[in-house]
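Notes for the structure review
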Amino acid sequence: MKHPPAGTASGEEHDFRVFVQGIAASLHRTAYLLCGDWYLADDLVQETLARAYSHWRKVQRADSPSAYVRRILINESRRSWRRNRNVTVHPDVDLADITAVDMSDEVVNRDELLQALQSLSARQRATVVLRFLEGLSERETAAVLGCSEGTVKSQTSRALIKLKSVLNRGDI
């Protein structure tokens, strides 16, 4: 098997780089909204991309490679949450620094919302972030989380009720 010259990427490496360029900003935003800390979010994205690269052929064959990688991100955030469940997370940056091309930027800029998101269970938080801040459908969210659409609906409903009560009470 002939190897590419030093300094050049193979076809698979090139495809992975192109994929990462297209999804990286969204993964960082999602990771931050899941954990509430930019440093942890960077670590989550790095772990996610390392796992995606090590299974790149499988990722490429998936019906939706981006959903596959988002699922890796969700699983990594759960692992991280389990390891750090006793650590209190405080936002370390001004939320105005979050960049997004859609209208969710207006919502995310509120510190109270970020804190309210952190009050949700990991699964509820993932559901809300994927559905409302990343704009995935119920079907796409179910695929990313590896659950049924009914579970997405019930988790979303419970999460919205909790968010409403937390934001209305000012418990944050």
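For the structure given in this document, a descriptive report is provided here. Worth saying up front: this structure is predicted, and the values here are computed from it rather than measured.

On to the packing of aromatic side chains, then. Under the criterion given, the structure shown has 4 aromatic pairs. With 5.1 Å between their ring centres and 80 degrees between their planes, F16 and W56 make a pair best called edge-to-face. Taken together, the residues span a long stretch of sequence, with F16 in helix α1 (residues 11–35) and W56 in helix α3 (residues 56–61) at a distance of 40 residues. Residue class for F16 comes out buried when judged on its relative accessible area of 11%. Judged by centre distance (4.2 Å) and plane angle (10 degrees), the ring pair of Y32 and W38 falls under stacked. Both residues of the pair, Y32 and W38, count as buried.

So, about helix α8 (residues 138–145). Along α8, the positions that sit buried rather than exposed are T141, A142, V144 and L145. Looking straight down α8, one finds its buried side chains confined to an arc of 165 degrees; they lie on one side. Looking one or two residues beyond α8, the residue adopting positive phi is G146, at roughly 70 degrees.

The next subject is the nonpolar core. Ranked by size, the top nonpolar core spans 42 residues in total, and within it L27, L33, I74 and L117 carry the most contacts. Put simply, the parts of the chain that give this core at least two residues each are α1, α2 (38–54), α3, α4 (65–83), α6 (111–118), α7 (122–133), α8 and α9 (149–169). Here this core gets 11 residues from one element, more than from any other, and that element is α1. Beyond its immediate sequence surroundings of up to four residues, L117 is in contact with L33, R125, V128, L133 and L163.

We now examine the packing of α8 against α9. Relative placement of two packed helices is described by the angle separating their axes and the distance separating the axes. Interaxial distance between α8 and α9 falls to 8 Å at its minimum, and their mutual angle equals 100 degrees. Compared by their axis directions, α8 and α9 come out roughly perpendicular. Of the residues in α9, those in contact with E138, R139, T141 and A142 of α8 are E149, V152 and K153. Of the residues contributing to the contact of α8 with α9, the split by class is 2 nonpolar, 1 polar and 4 charged.

A word on the pattern of salt bridges. Following the criterion strictly, the structure yields 6 salt bridges and no others. Note that E12 is salt-bridged to R57, the shortest N-O span being 2.6 Å. Residue E12 is found in helix α1, and its partner R57 is found in helix α3; the two are separated by 45 residues along the sequence. Looking at R57, the relative accessible area reads 53%, which means it is exposed. Note that E76 and R51 form a salt bridge whose closest N and O atoms lie 2.4 Å from each other. Note that E76 is positioned in helix α4 and R51 in helix α2, a separation of 25 residues in sequence. A residue is classified by how much of its surface remains accessible, and E76, at 3% relative accessible area, is buried. Look at the salt bridges and you will find they share partners, linking R29, R70 and E134 into a network.

This paragraph deals with α6. For α6, every residue scored as buried is listed here: L113, L114, A116 and L117. With its buried residues spanning 160 degrees around the axis, α6 presents them on a single face.

Time to look at the side chain of D37. Note that D37 resides in the loop between α1 and α2. A polar atom in the side chain of D37 sits 2.8 Å from the backbone nitrogen of L40.

Mapped onto the elements, K153 comes out in helix α9. On the basis of relative accessibility, which here comes to 45%, the residue K153 falls in the partly exposed class. For the pair K153 and R139, spaced 14 residues apart in sequence, the C-alpha to C-alpha distance is 10.0 Å.

Thresholds applied
- Residues numbered from 1 in each chain as written.
- Predicted model: local features only at pLDDT ≥ 70, side-chain atom pairs only at ≥ 80, totals over all residues.
- Heavy atoms only, no water.
- Phe/Tyr/Trp six-rings, centres within 6.5 Å; stacked < 30°, edge-to-face > 60°.
- Helix = DSSP H or I, 4+ residues; strand = E, 2+ residues; numbered from the N terminus.
- Buried < 20%, exposed > 50% of the residue type's maximum accessible area, 1.4 Å probe, protein only.
- Arc of directions from axis to C-beta.
- Core = buried A, V, L, I, M, F, W, Y, C linked by side-chain atoms within 4.5 Å.
- Contact = heavy atoms within 4.5 Å.
- Axes fitted to C-alpha atoms, helices over the stretch in contact; angles between N-to-C directions.
- Parallel < 35°, antiparallel > 145°, perpendicular 65-115°, else oblique.
- Nonpolar A, V, L, I, M, F, W, Y, C, P; charged D, E, K, R; others polar.
- Salt bridge = Lys/Arg side-chain N within 4 Å of Asp/Glu carboxyl O.
- Polar contact = N/O pair within 3.5 Å; in protein donor to acceptor, adjacent residues only side chain to side chain.

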